[in-house]
Amino acid sequence: MKRILMACGAGVCTSTAARTKVEKILNENGYSGQYKIEQCKIAEVPSKSADFDFVIATTMKPSGVKCPFVSGVSFLTGVGIDKTTKEILELIK
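Quick caveat, the model's predicted, so the values are computed rather than measured.

Parameters and conventions
Residues numbered from 1 in each chain as written. Predicted model: local features only at pLDDT ≥ 70, side-chain atom pairs only at ≥ 80, totals over all residues. Heavy atoms only, no water. Salt bridge = Lys/Arg side-chain N within 4 Å of Asp/Glu carboxyl O. Helix = DSSP H or I, 4+ residues; strand = E, 2+ residues; numbered from the N terminus. Buried < 20%, exposed > 50% of the residue type's maximum accessible area, 1.4 Å probe, protein only. Phe/Tyr/Trp six-rings, centres within 6.5 Å; stacked < 30°, edge-to-face > 60°. Lys NZ or Arg CZ within 6 Å of the ring centre and 35° of its normal.

A. Quick look at the pattern of salt bridges. Enumeration according to the criterion identifies 5 salt bridges in this entry. Between Lys24 and Glu28 there is a salt bridge, with the nearest N and O atoms lying 3.6 Å from each other. Residue Lys24 and its partner Glu28 are located together in helix 1 (residues 13-28), separated by 4 residues, close to a single helical turn. Lys24 sits in the exposed class, given a relative accessible area of 53%. The salt bridge involving Lys93 is made with Glu90; its shortest N-O contact spans 3.1 Å. Here Lys93 falls in the exposed class, since its relative accessible area comes to 60%.

B. Representation of the packing of aromatic side chains within the structure. As enumerated under the stated definition, the model contains 0 aromatic pairs in all. Taking NZ or CZ as reference, Arg3 lies 4.2 Å from the ring centre of Phe52, over its face.

This is the structure:
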């Protein structure tokens with residue numbers, strides 16, 4: 001079971017939008033039931049990241065992240081979604 005940490009400024013709005021898209025991508029690629037997603041504020045990422053396989057955030061990467069970091073900005077802008085999707089699918093393997 002892969003553990004994914006989703007983060008945005010407040011841990012609610014844009015991380016929820018990105019989470020919906022990430023779940024769709026993972027489920028369409030056969031990973032349904034093989035991952036767990038938790039949302040948080042970006043300020044919590046450095047202290048929580050050691051317990052996760054990777055982080056997806058809709059903000060800039062904070063210092064002190066202890067696992068792979070994926071920029072989820074493309075899920076908000078629509079620019080670079082293919083690259084982000086590929087990165088996530090590599091990390092979920």
